[in-house]
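Observations on chain architecture
Letter by letter, the chains look like this.
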Amino acid sequence: MNYSKIHINPISPAPTSGSVLVIYTGGTLGMVYETKDRQLVPFNFEQIIEKVPEISRLDFEITFLSLPKPIDSSNVNPEIWVELAQIIGTHYDQYDSFVILHGTDTMAYTASALSYLLENLNKPVILTGAQLPIGVARSDARENVITALELAAARNPDGTPIIAEVCIYFNSSLLRGNRSKKKESSDFNAFHSENYPPLATAGVHIDYNFPYIKPYQQNAGLIVHSSLNTRVAFLKMFPGISPEVVQAILGIENLRGIVLETFGAGNATTDIWFLSAISKAIEKEIVIFNVSQCDGGRVAQGQYQTSKYLQQAGVVSGSDITAEAAITKMMFVFGIETDYQKCVQLLGTPLRGEMSI
Ligand code: ASP
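Each chain carries its own residue numbering, running from 1 in the direction its sequence is written. Side-chain atom pairs in this predicted model are given and counted only at pLDDT of 80 or more, local residue features only at pLDDT of at least 70, and totals for whole chains, interfaces and linings cover all residues. Side-chain descriptors were evaluated using all non-hydrogen atoms of the structure, hydrogens and water having been removed beforehand.

Section: the overall build of the protein chain
Summing up its helical and strand segments, the protein chain has 9 helices and 19 strands in all. For the protein chain, the spread of C-alpha atoms along the three principal axes comes to 70 × 55 × 40 Å. Each of the 357 residues in the protein chain was classed as buried or not, and the buried ones make up 53%. The contact rule is simple, with two residues in contact once any of their heavy atoms fall within 4.5 Å. Taking the intrachain contacts of the protein chain between residues at least 6 apart in sequence as the baseline, contacts between residues at least 24 apart amount to 75%. Method for areas: the Shrake-Rupley scheme with a 1.4 Å probe, in which residue coverage is limited to the protein chains shown. Accessible surface for the protein chain amounts to roughly 15,500 Å². Of this, 50% is attributable to carbon and sulfur atoms. Of the charged side chains in the protein chain, 26 are positive and 35 negative, and the gap between their average positions amounts to 2 Å. Every helix listed is a DSSP run of H or I at least four residues long, and every strand listed is a run of E at least two residues long, numbered separately from the N terminus. Here the term buried applies to any residue with accessible area under 20% of the maximum for its type, exposed to any over 50%, and partly exposed to those in between, with areas from a 1.4 Å probe on protein chains only. Counted as positive: Lys and Arg. Counted as negative: Asp and Glu, with His and the chain ends omitted from the count. Charge placement uses NZ in Lys and CZ in Arg. For Asp and Glu, CG and CD serve respectively.

Side note on the sheet that holds strand β18 (residues 287-292)
Paired strands are those between which DSSP finds at least two bridges. Strand order in the open sheet made by the 4 strands is β16-β17-β18-β19, with parallel pairing throughout. The open sheet is flanked by β16 (232-236) and β19 (316-317), the only strands paired with a single partner. The sheet contact formed by strand β17 (residues 257-262) and β18 spans 6 bridges and is parallel. Bridge pairing links L260 to N290 in β18.

With respect to helix α5 (residues 243-250)
What α5 keeps buried is the set V246, I249 and L250. Angular distribution of buried residues about the axis of α5 spans 95°; they occupy a single face of the element. For α5, exposure combined with an orientation more than 90 degrees from the buried face picks out E244 and A248. Next to the buried residues of α5 lie β16, β17, α6 (272-283) and β18. What the arc measures is the spread of directions leading from the helix axis to the C-beta atoms.

Some remarks on the site of the ligand
Taken together, G27, T28, D72, S73, G103, T104, D105, A130 and Q131 make up all the residues around the ligand. Each polar contact in these results corresponds to two N or O atoms within 3.5 Å; when the atoms are within protein, one needs to be able to donate a hydrogen and the other to accept it, and residues that are neighboring in sequence are counted only if both atoms are side-chain atoms. Contacts to the ligand include D105, whose side-chain N or O atom sits 2.8 Å from a nitrogen atom. One of the backbone N or O atoms of A130 is found 3.2 Å from an oxygen atom in the ligand. Protein contact buries 90% of the 260 Å² of open area that the ligand shows by itself. Polar here means any residue other than Ala, Val, Leu, Ile, Met, Phe, Trp, Tyr, Cys and Pro, which are nonpolar, and Asp, Glu, Lys and Arg, which are charged; Gly is therefore polar. In the shell around the ligand, the residues fall into 1 nonpolar, 6 polar and 2 charged. Nearness is defined per residue: one heavy atom within 4 Å of the molecule or strand is enough.

The following block contains the structure:
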């Protein structure tokens, strides 16, 4: 694959403190209004760099690399996630940290997928974007990009990176990527993480929340996974859901698993037809992963009668995982493992800090 690259050397005479690879994928940050009907479309990234001249005042080396065809992140897919993981893998020894410029719509899915694909990650991978294009006067892009770069370059006194995991930086908060959710389509404060505190908050100073940051692991060798299995689906419960809807989803040919989006603490209807559909699916070795429709709190199977039977049938509790982290975890687990019991065990275990036990 041919990627365009631009290298920016700091203008300050001081010695540089590391190197960051910025990977541009598209998103509102780099979009322009098409003149004809005022739609936002992805734009050439050279023009983006011109809009943030402050970048050359940072005291580290920055290289920009653009995907051949920048996208609106609603078009992201598992092939692009694998491509991003491989770009990081091939440049891992050459750069100290990575920043990914990405659309906000699916940023939480990409961050989650990358957290699984990059096993033993020991360097920062920070995704950021913007709610307004960088060329717009009130855009949030400049602050998001510059602070994401500073967070990526930040070091402990012993020289190790402060952040050594996949994160999202947006509107002053650094969040663990696989704990994040897009919560707002128009406010600048677009992301939240209900079940895990921010890893850092950027005000006049950057305050790190050290107890919650994944510790740097000595001698960890990066493993880049490259297989994601898309034989998965969401099944969202709603009062009045019909047997036809449930059967249509559970009857998908070669389906490996579903994320069952339940009510409250993991509850669903106790109608006999539903219980029997779930049990039959499990007998066919379709994994059912129970994730709450609530953003905060967790699944506690057995707390109510309306979840007890799910537990008895062999449904896997997703605890406090987000739907984004759950569906990408399923793709990852089914990509590396074919045995049903091992998949059940992996799904119920935190792999990258995506859920609490
Ligand atoms: N549709 C855009 C995208 O996700 C929205 C954004 O970037 O904020 O690419």
